[in-house]
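Observations on the model geometry
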Amino acid sequence: MSEKNIPMREALRNALREEMMRDDRVFVMGEEVGAWDGTHKVTRGFLDEFGERRVRDTPISEMVIAGAAVGAAMAGLRPVAEIMTINFAFLAFDAIINHAAKVSYMFNGQFKVPLVIRAATGWGIQATATHSHTPEPIFAHFPGLYVGSPSTPRDAKGMLKAAIRDDNPVLFTEVIALYPKPGPVPDDPEFVLPIGKGDIKRPGKDVTIVTIGRGVEWSLEAADTLAKDGVECEVVDLRWYRPLDMALVYESFKKTNRCVVVEESLPHFSLGSEVAAQLQENMFDYMDAPVKRVSALDVPLAYARELEMMSLPNATRVVEAVRELV
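What you see is a predicted model; the values in this text were computed from it and never measured. (Residues numbered from 1 in each chain as written. Predicted model: local features only at pLDDT ≥ 70, side-chain atom pairs only at ≥ 80, totals over all residues. Heavy atoms only, no water.)

**Some remarks on the overall build of the protein**
On a plain count of helices and strands, the protein comes out with twelve helices and 14 strands. Computed over its C-alpha atoms, the radius of gyration of the protein comes to 19 Å, within 12% of the 20 Å expected for a compact globule of 326 residues. Structurally, the protein occupies a C-alpha span of about 60 × 45 × 45 Å along its principal axes. Here the protein holds 326 residues, and the buried ones make up 54% of them. Taking all contacts inside the protein whose residues are at least 6 apart in sequence as the whole, residues at least 24 apart take part in 82%. On the protein, roughly 14,000 Å² of surface is accessible, and the fraction owed to carbon and sulfur atoms is 54%. Distance between charge centroids for the protein: 3 Å, based on 36 positive and 46 negative side chains. (Helix = DSSP H or I, 4+ residues; strand = E, 2+ residues; numbered from the N terminus. Rg over C-alpha atoms; globule rule 2.2 N^0.38 Å. Buried < 20%, exposed > 50% of the residue type's maximum accessible area, 1.4 Å probe, protein only. Contact = heavy atoms within 4.5 Å. Areas by Shrake-Rupley, 256 points an atom, 1.4 Å probe, with all protein chains shown as cover. Lys, Arg positive; Asp, Glu negative; His and termini not counted. Charge placed at Lys NZ, Arg CZ, Asp CG, Glu CD.)

Here's what the structure looks like:
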């Protein structure tokens, strides 16, 4: 399988294009996805290539976008609806949670909702408190909805293709800070990564670092620093908030007996809370130290760059958490 070194933005574009060419039921919709090539340029050139029937510019109404996408999916199409940033998904919460996630259950499987909602996520671009969130754990709280967030271009392509092909609704979030960062991506149009399966991004024996999305970057940087002192961290990229691949976490934890959870989200009712609880409940006999959590600070995000960066996790904070355990 040949590979190209491309940014995550391009890997996502390739995944979308390949799936639209593979299945004519797949179409994209959202604010500015057509004439303006998408706010984040993932759908650049799609309007010219696929036409207005399959690249639908929508009104500036997230509830309309999500609601129409749910209806289209129930009717047999496979929409990929773009919401400009995850913050605006709160305006579509009813359509995503009360309808997309529950329709199949409410109708005893008579209807399926093969829908993907793409949304940019993450902090760190001075977009202030109302535009800077990583709230995926909120959406992952609800059964019936898959929630994923890739950390590399390779994962972005394989995970998005799996999401589009699946018959269940998927919230697929893309970290804004990772859009321009390159990595090797397979050319194979059948390259698909299974939903709900994580990945070991770095093997180690001393501490398990469980993370997702941008946290993978911070965790790998921290692992490099700690390795200089002889501490070998195993970095587990969950890839998916739901389904949550705790089996992979348990496998790693049995080796290391220590865990740090790194996420960009806020600390309360979070991914870190869930991972820590499940480790305590199911792996207590392997536990040599309390689970440490590294997350954003529990504050609304400031505009000032210095305050913003103080609120975010980083590799230094991960290193400090690991050193407290060893």
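**Thoughts on the nonpolar core**
With 46 residues, the main nonpolar core has Ile 96, Leu 115, Phe 139, Leu 145, Val 275 and Leu 279 as its most contacted residues. With six residues, helix H3 (residues 62-74) is the single largest residue contributor to this core. Within the second largest apolar cluster, 31 residues are counted, among which are Leu 12, Val 26, Val 80 and Ala 156. (Core = buried A, V, L, I, M, F, W, Y, C linked by side-chain atoms within 4.5 Å.)

**Thoughts on the packing of helix H8 (residues 215-227) against helix H12 (residues 315-325)**
At a closest axis distance of 8 Å, the pairing of H8 and H12 adopts a crossing angle of 55 degrees. For the element pair H8 / H12, the angle class is oblique. The handedness of the crossing between H8 and H12 is right-handed. In this structure, H8 contributes Trp 218, Glu 221, Ala 222, Thr 225 and Leu 226 to the contact, and H12 contributes Ala 315, Val 318, Val 319, Val 322 and Arg 323. (Axes fitted to C-alpha atoms, helices over the stretch in contact; angles between N-to-C directions. Parallel < 35°, antiparallel > 145°, perpendicular 65-115°, else oblique. Left-handed = near helix turned anticlockwise from the far one by under 90°.)

**Notes on the side chain of His 40**
Its location among the elements puts His 40 in the loop between strand E2 (26-30) and helix H2 (46-50). Beyond its immediate stretch of four places on either side in the chain, His 40 contacts Arg 9, Met 84, Thr 85, Ala 120, Ile 176 and Tyr 179.

**Some remarks on the pattern of salt bridges**
Inspection of every chain in the model, using the stated rule, returns 27 salt bridges. For the salt bridge of Arg 239 with Asp 155, the shortest nitrogen-to-oxygen distance reads 3.2 Å. With Arg 239 in the loop between strand E11 (233-237) and strand E12 (240-242) and Asp 155 in helix H7 (residues 153-165), this pair connects stretches of sequence that are 84 residues apart. Looking at Asp 155, the relative accessible area reads 1%, which means it is buried. One salt bridge connects Lys 292 with Glu 324, and the closest N-O pair in it is separated by 2.6 Å. Here Lys 292 is found in strand E14 (residues 292-294), whereas its partner Glu 324 is found in helix H12, with 32 residues between them in sequence. Here the salt bridges share partners, and the residues they tie into one network are Glu 18, Glu 19, Arg 22, Lys 157, Lys 161, Arg 165 and Glu 190. (Salt bridge = Lys/Arg side-chain N within 4 Å of Asp/Glu carboxyl O.)

**Quick look at the side chain of Thr 134**
If you trace the backbone, Thr 134 turns up in the loop between strand E5 (116-121) and helix H6 (136-140). Sequence-distant contacts of Thr 134, that is, excluding residues within four places in its chain, are made with Thr 121, Gly 122, Trp 123, Tyr 241, Glu 264 and Ser 265.

**What to know about a nonpolar patch on the surface**
On the surface, a nonpolar cluster with roughly 490 Å² of combined accessible area is contributed by Tyr 105, Met 106, Phe 107 and Phe 111. When its relative accessible area of 38% is taken as the criterion, Phe 107 is described as partly exposed. (Patch = residues over 30% accessible without salt bridge, like charges linked within 9 Å, V, L, I, M, F, W, Y side chains within 5 Å.)

**Looking at unusual backbone geometry**
Cis geometry is found at the peptide bond from Arg 242 to Pro 243, where omega equals -5 degrees. Position of Pro 243 relative to the elements: it lies in the loop between E12 and helix H9 (246-256). Despite not being glycine, Asp 37 has its phi angle at roughly 65 degrees, a positive value. Inspection of the secondary structure assignment puts Asp 37 in the loop between E2 and H2. In this model, Arg 239 sits at a positive phi of 70 degrees, which is unusual for a non-glycine residue.

**What to know about the environment of Met 74**
By the element assignment, Met 74 lies in helix H3. A relative accessible area of 28% places Met 74 in the partly exposed class. Excluding anything up to four places from it in sequence, Met 74 contacts Val 103, Phe 111, Lys 112 and Val 113.

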